[in-house]
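# Residue-level structural notes
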Amino acid sequence: RRRQARLHAALRLCMLLAASRLTPSTTRSFLLLTSSALARVTARDATAARQFRRAAAPSSPPADRRAIRAFAVRCMSTKRMAPTKIGTHDGSFHCDEALGCHLLRLTKAYADATIVRTRDQDLLSECDIVIDVGATYEPEKFRFDHHQKGFEEVFGHGHTTKLSSAGLVYKHFGREIVANVLKKDAADPIVEKIYLKVYKSFVECVDGVDNGVQIFESDKPALYVDNTGLSARVGKFNANWNEPFTDETQMAGFEKAMALAGGEFEDAVRYYGEVWHPARAHVIDALDAASATHASGEILKLETFCPWKEHLFELEEERGMTTLPKYVLYDDGKGSWRVQAIPETPSSFNSRRGLPKAWRGVRDDALSELSGIEGCIFVHAAGFIGGNKTYDGALAMASKALELE
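Residues numbered from 1 in each chain as written. Predicted model: local features only at pLDDT ≥ 70, side-chain atom pairs only at ≥ 80, totals over all residues. Heavy atoms only, no water.

### Notes on the confidence of the model for the protein
Here the protein shows a mean pLDDT of 87. Residues at 70 or above account for 80%. Every residue in residues 40-44 is under pLDDT 50, and counting partners more than four places away or in other chains gives 5 contacts. A low-confidence stretch, residues 76-80 stays under pLDDT 50, and its non-local contacts, those more than four residues away or across chains, total 8 contacts. (pLDDT = per-residue confidence, 0-100. Contact = heavy atoms within 4.5 Å.)

Next up, the structure:
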């Protein structure tokens, strides 16, 4: 990437030089800079670089600007530029390198890169960046493997899961990738927010599965098997034991794996950037108006249904709240209202305060008679959610639930 960037910069200087009126000394400076960049590219360009150095020598006559401009135009054509290559291992593939390769193609530097699948070190050495193979993690050399002894790199920001190749790529290029997917400037504060959120909600799982990290710290056997996760679905694109296993069939499967993993990643970025994050403002409004909704401050009213749980817990921590809300009210989109018990954590099935046990599993008129509140529709058997035909009815249900055991 740096090699290509240096060449482009030098050639742009050629164009500028050819169109400008510069002093001989300035001309020589431009030529020397250009030759330095060209020497880093190919042998053919190195020959041209020597010609540029001769033109920059103090004893040489003034440079022929038209010749320089013509040379720059030729060099900037795509035929002269070597294609960018992303290297990874061949054979069976996994979700982490499939996702990692897709992520790299979401950057400016590797947008048009070809994928080279091999374990041949000579071929890998020709690649601009290599992931998931090579037994070295040297970001300054664009080498990102995680299989070597002693590798313990993590994402940081409170995360302790060891990184896979996907996590390594995301750690180093993720901010640019998020900005590109969301079509935002990299300096936009939302980019950092979504960068961190997408690692926690999407990429970390890929890291954990690839490195064999248990979700739960327990020796007890799993209660059920999950073969529907992204890593499992990517793995199914590998050739089966009784199907042809060739470079061609594996590359075709790898392309499908990149499309699947990458497509779901981009969907996640857009969801958190365009759907999830804007909901934060509605949760802030609900918290600010909590005392007006109910004197206890323990009932929140959302003006519209939206993803609220994670925002609520973050805002409670940021504000140092001691009185925590117990119920959230929102329009169900069909003219009725829901009263939902707030969980103990965003992903918990246990509530801070469930709806009354006597109401659970009861519906309609029977529930209205039991509760003494008109318009009741239902209360779930688990007590985490209920419904009423009106906002006032839902508020009455939440208010009475605060009073009852």
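Having seen the model, we can carry on.
### Here's the deal with the side chain of Asn238
In this structure, Asn238 sits in the loop between helix H9 (230-235) and helix H10 (247-276). Within the structure, Asn238 has its side chain in polar contact with the backbone oxygen of Phe93 (distance 3.0 Å). (Helix = DSSP H or I, 4+ residues; strand = E, 2+ residues; numbered from the N terminus. Polar contact = N/O pair within 3.5 Å; in protein donor to acceptor, adjacent residues only side chain to side chain.)

### Re the environment of Val362
Tracing the backbone shows Val362 in the loop between strand S10 (337-341) and helix H14 (364-371). Distance in space between the C-alpha atoms of Val362 and Cys376 is 9.5 Å, their sequence separation being 14 residues.

### So, the packing of helix H5 (residues 95-105) against helix H7 (residues 165-182)
For the pair H5 and H7, interaxial distance at closest approach is 9 Å and the crossing angle is 20°. By the angle class used here, H5 and H7 are roughly parallel. As H5 packs across H7, the resulting crossing turns out to be left-handed. Of the residues in H7, those in contact with Asp96, Glu97, Leu99, Gly100, Leu103 and Leu104 of H5 are Ser165, Ala166, Val169, Tyr170, Phe173 and Ile177. (Axes fitted to C-alpha atoms, helices over the stretch in contact; angles between N-to-C directions. Parallel < 35°, antiparallel > 145°, perpendicular 65-115°, else oblique. Left-handed = near helix turned anticlockwise from the far one by under 90°.)

### With respect to the layout of surface pockets
Space inside the largest pocket adds up to approximately 1,400 Å³. Around the largest pocket sit 27 residues that line it, and Val209, Val213, Gln214, Ile215 and Phe216 are the ones nearest its centre. When contributions to the lining of the largest pocket are tallied by element, the ones reaching two or more residues are strand S7 (159-162), helix H8 (189-210) and H9. Here the lining of the largest pocket takes 7 residues from H8, the largest share from any one element. Along the lines of polarity and charge, the residues of the lining of the largest pocket split into 14 nonpolar, 8 polar and 5 charged. (1 Å grid on protein atoms, 1.4 Å probe; cavity = no way out; pocket = protein on both sides within 12 Å on 5 of 7 lines; lining within 4 Å. Points joined across faces, edges and corners; volume = space filled by probe spheres on them. Nonpolar A, V, L, I, M, F, W, Y, C, P; charged D, E, K, R; others polar.)

### Here we look at the sheet that holds strand S3 (residues 129-131)
One open sheet accounts for 5 strands, arranged S2-S1-S3-S5-S4; its pairing is mixed. Of all the strands in the sheet, just strand S2 (114-117) and strand S4 (137-138) have a single pairing partner and so form its edges. Of the strands in this sheet, strand S1 (85-88) and S2 touch H10, which is tilted by about 130° from S2. (Pairing = 2+ DSSP bridges.)

### Here we look at the packing of H5 against H10
Contact geometry of H5 with H10 gives a least axis separation of 8 Å together with a crossing angle of 70°. One element, H5, and the other, H10, form an angle in the roughly perpendicular class. The handedness of the crossing between H5 and H10 is right-handed. Here Cys95, Glu97, Ala98, Leu99, Cys101, His102, Leu103 and Arg105 of H5 lie close against H10, whose contacting residues are Phe254, Glu255, Ala257, Met258, Ala261, Gly262, Gly263, Phe265 and Glu266.

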